[in-house]
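Here is what each chain is made of, one letter per residue.
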Amino acid sequence: MPTTLAAKSTWRITNPDVSDLREPLLGLWHRNLPGASRDRFEWLYGTGRAEGVLLGERPVIGGAGLMRRRMAIAGDIVDGAVAIDVNVDEQQRSLGPALTLVRAVMKLADDRGYACLFGFPIPSATGVLKRCGYRQLGNVSNWTKLLRSEVKLRSVLKSPLAAKLSAPIVDFAMRWKSNGPAQGLSQQFDVETPAMFDARFDRLWLRAAEGYGVIGERSADYLKWRFTKCPELRYACFALARRGGGELLGYVIWYRSGESVCIADLLAVDHASTALLLAEFTRHARRLRADAIRLACFGPLRLYSQLQAAGFSRRQDSYPVLVRMPEVAGDILLTMADHDTDV
């Protein structure tokens, strides 16, 4: 039976179980979030990773979700969550319904005892979350590393032939500048493309977490759910490990978007391993004949400095990162692994 949550409005909020949530929420998605599918519902809500709230009855006019997300905060592993899927029917899109849904998700998080609640709203919804008590950490940063220059040169040079002839010289210069002369991977390390997430990923994220004030869980179980079972995109993993199947130094989880390779998640055990991982993944992307590597993340200045040193350029920042939790000392790392979608 659905649970009723108190709301300071004329709209009734309910927190149905998954069987009662499925069809009303899918109906809302069909009207308001047409890219969201039944498969996505089963992946998120059917597995118990998320739960939802509905606004109104006969008809339901809005909905929102809460995705569980374990976090390492100041060295402790705590239960947190991400606010997702807020949507209201077009004819009801006033401040009242949006505030009611956001507050209902906040109350649900408090009732579940979650230590933190994150939001990645579109810019137009940022004010609503702030009005409800969220504070803004900053914005997700978008980074690009150009690997093949011909397309860019076509927009600069008048002649397509000139762009084609110039591109190999420019590409060689970019490789030299970003990586230096190719030295090859140290004999101490191996490149892996694991098809499964094993216990080494559990140990890696716990070691890496020691360097951050806030970082989301990257256990093998979570990575399997988020990236192997996600119905929206096909992901692959690129990893560096100590020779002979030893411990992981770091990994990149990526997917293909047109001619670009997009990094959905990146984690390494330390600063030196991050630099090595970026260099080796760049070589991997070039072998895939990608035009560019793209990455969206919210991270510390030290990571941004490493990206710049590796040849990435920061593009215009995108959506904001908002949070409900006490102030925490130390660096914060959030990638698309902390979001429910890459699309």
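The model shown is predicted, which means the values in this text are computed figures rather than measured ones.

## Things to note about the overall build of the chain
Here is step 1: When its secondary structure is counted, the chain shows 10 helices and 17 strands.
Here is step 2: Sequence-distant contacts, at least 24 apart, represent 70% of the contacts inside the chain between residues at least 6 apart.
Here is step 3: As displayed, the chain has an accessible area near 16400 Å², and 54% of this comes from carbon and sulfur atoms.

## Some thoughts on the confidence of the model for the chain
Here is step 1: Per-chain confidence: the chain averages 89 in pLDDT, with 86% of residues scoring 70 or above.
Here is step 2: Highest mean pLDDT in the chain belongs to strand 13 (residues 260-268) (98); lowest belongs to helix 6 (residues 160-179) (50).
Here is step 3: A low-confidence stretch, residues 161-167 (pLDDT under 50), is modelled with 11 contacts involving residues beyond four sequence positions or located in other chains.

## Details of the nonpolar core
Here is step 1: Residues Tyr45, Phe118 and Tyr251 are the most contacted members of the largest nonpolar core, which totals 84 residues.
Here is step 2: When neighbours within four sequence positions are excluded, phenylalanine 118 is seen to be in contact with Met71, Ala81, Val82, Ala83, Tyr134, Leu137, Val214, Leu322, Val323, Met325 and Leu334.

## Digging into the sheet that holds strand 9 (residues 189-192)
Here is step 1: Taken together, seven strands build an open sheet; the order of strands is 9-11-12-13-14-8-15 and the sheet is mixed. Strand pairing shows two members of the sheet lacking a second neighbour, strand 9 and strand 15 (313-314), which therefore form its edges.
Here is step 2: Relative to strand 11 (residues 236-242), strand 9 runs antiparallel, the two being bridged by four bridges. Each bridged residue has a counterpart across the sheet, and for valine 191 the counterpart in strand 11 is leucine 240.

## A word on the layout of surface pockets
Here is step 1: Taken as a whole, the largest pocket holds about 1200 Å³ of empty space.
Here is step 2: Those elements that place two or more of their residues in the lining of the largest pocket are strand 5 (76-88), helix 3 (95-112), helix 4 (123-131), strand 8 (141-146), strand 13 and strand 14 (292-297).
Here is step 3: Broken down by element, the residue count for the lining of the largest pocket peaks at six residues, all from strand 5.
Here is step 4: Of the residues assigned to the lining of the largest pocket, the class counts are 26 nonpolar, 10 polar and eight charged.

## Quick look at helix 10 (residues 301-309)
Here is step 1: When we look at burial in helix 10, the residues that qualify are Leu303, Tyr304, Gln306 and Leu307. Buried positions in helix 10, seen along its axis, are confined to an arc of 160° and lie on one side of it. Set apart from the buried face of helix 10 by more than 90 degrees, the exposed residues are Leu301 and Ala309.
Here is step 2: Contact partners of the buried residues in helix 10: strand 8, helix 9 (271-287), strand 14, strand 15 and strand 17 (332-333).
Here is step 3: Taken from the residues just after helix 10, glycine 311 is the one with a positive phi, measuring 100°.

## Remarks on the packing of aromatic side chains
A ring pair, where both rings are aromatic, is described by two values, the distance of the centres and the angle of the planes.
Here is step 1: Summed over the entire model, instances satisfying the criterion amount to 13 aromatic pairs.
Here is step 2: Ring centres of tryptophan 29 and tyrosine 45 lie 6.0 Å apart, and the angle between their planes is 55°; this geometry places the pair in the tilted category. Here tyrosine 45 lies in helix 2 (residues 38-46) and tryptophan 29 lies in helix 1 (residues 18-32), a separation of 16 residues in the sequence.
Here is step 3: For tyrosine 45, a relative accessible area of 3% corresponds to the buried category.
Here is step 4: Between phenylalanine 120 and tyrosine 319, the aromatic rings sit 6.4 Å apart at their centres with planes inclined by 85°, giving edge-to-face as the arrangement. Taken as a pair, phenylalanine 120 in the loop between strand 6 (117-119) and helix 4 and tyrosine 319 in the loop between strand 15 and strand 16 (320-324) lie far apart in primary sequence, 199 residues in all.
Here is step 5: Overall, phenylalanine 120 belongs to the buried group, its relative accessible area being 14%.
Here is step 6: Through pairs of rings, three or more aromatic residues link up here, namely Trp29, Phe41 and Tyr45.
Here is step 7: Residue placement shows arginine 302 over the ring face of tyrosine 212; its charged tip is 4.7 Å from the ring centre.

Reading the values: rules and limits
- Throughout, a residue's number is its position along its own chain's written sequence, starting from 1.
- Per-residue local features of the predicted model are confined to residues with pLDDT of at least 70, and side-chain atom pairs are confined, for both listing and counting, to 80 or more; whole-chain, interface and lining totals are unaffected and use all residues.
- Here the side-chain values reflect all heavy atoms present in the structure, with hydrogen atoms and water set aside.
- Strands here mean DSSP runs of E at least two residues long; helices mean DSSP runs of H or I at least four residues long; both are numbered from the N terminus.
- Contacts are assigned to residue pairs that have any heavy atoms within 4.5 Å of one another.
- Computed with the Shrake-Rupley method and a 1.4 Å probe, the accessible areas treat only the protein chains shown as cover for residues.
- The pLDDT value expresses, per residue, how confident the predictor is, ranging between 0 and 100.
- We define the nonpolar core as a collection of buried residues of types Ala, Val, Leu, Ile, Met, Phe, Trp, Tyr and Cys that are connected through side-chain atoms lying within 4.5 Å of one another.
- Any residue under 20% of the maximum accessible area for its type is buried, any over 50% is exposed, and the rest in between are partly exposed; the area is computed with a 1.4 Å probe on protein chains only.
- Two strands qualify as a pair provided that DSSP identifies no fewer than 2 bridges between them.
- Detection works on a 1 Å grid of protein atoms alone, calling trapped sets that fit a 1.4 Å probe cavities and calling open sets with protein on both sides within 12 Å along at least five of seven lines pockets, with lining residues defined by an atom within 4 Å of a point.
- Grid points are joined across faces, edges and corners, and a volume is the space filled by probe spheres set on the points.
- Polarity classes work like this: nonpolar for Ala, Val, Leu, Ile, Met, Phe, Trp, Tyr, Cys and Pro, charged for Asp, Glu, Lys and Arg, and polar for all others, with Gly in that last group.
- Read the arc as the range of directions from the helix axis to the C-beta atoms.
- Any Phe, Tyr or Trp ring, taking Trp's six-membered ring, that has another such ring centre within 6.5 Å forms a pair; planes under 30 degrees apart are called stacked, those over 60 apart edge-to-face, and the others tilted.
- Charge over a ring is defined by NZ of Lys or CZ of Arg lying within 6 Å of the ring centre and within 35 degrees of the ring normal.

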